[in-house]
Amino acid sequence: MLRVSIDPTRCEGHAKCLMDSPEVFDLDDQGFGFVKPEVDVVAHEHRNAVLRAVAGCPEYAISAHEISVEER
Ligand code: SF4
């Protein structure tokens, strides 16, 4: 399972993450990305889109790491 986060100190608000995976990412009032609070872990069907967002973020602000069932 994949858990994803955005470092707000790096995000510059390009919105690429939202375009890659609108089910997982959103933008705040000022245009900065955040992971939707209801996304505890990334659903399997959104995994590839999230990994694309990680690779495509121009600021390297998005991190994703594998977690085990016990870590949930
Ligand atoms: S693509 Fe990266 S820099 Fe742009 S809004 Fe998303 S997290 Fe922020």
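See the structure printed just above.
Quick look at the structure, then.

Let us now look at the overall build of the chain. The helix and strand tally for the chain stands at 2 helices and 4 strands. Reading the chain from its N terminus to its C terminus gives the helix and strand order β-α-β-β-α-β. Dimensions of the chain along its principal axes, counting C-alpha atoms only, are 35 × 20 × 20 Å. In the chain, which comprises 72 residues, the proportion classed as buried is 21%. A fraction of 62% describes how many contacts in the chain between residues 6 or more apart in sequence connect residues 24 or more apart.

Let us look at unusual backbone geometry. The residue A15 is not glycine, and still its phi comes out positive at about 70 degrees. Among the structural elements, A15 can be located in the loop between β1 (2–6) and α1 (16–20). Here the phi dihedral of Y60 falls at roughly 55 degrees; this positive angle occurs in a residue that is not glycine. Counting through the fold element by element, Y60 comes out in the loop between α2 (47–56) and β4 (62–66). A count of 11 C-beta atoms within 10 Å places Y60 in the exposed class.

The rules behind each value
Residues numbered from 1 in each chain as written. Predicted model: local features only at pLDDT ≥ 70, side-chain atom pairs only at ≥ 80, totals over all residues. Helix = DSSP H or I, 4+ residues; strand = E, 2+ residues; numbered from the N terminus. Buried ≥ 20, exposed ≤ 12 C-beta atoms within 10 Å, placed from the backbone. Contact = placed C-beta atoms within 7 Å.

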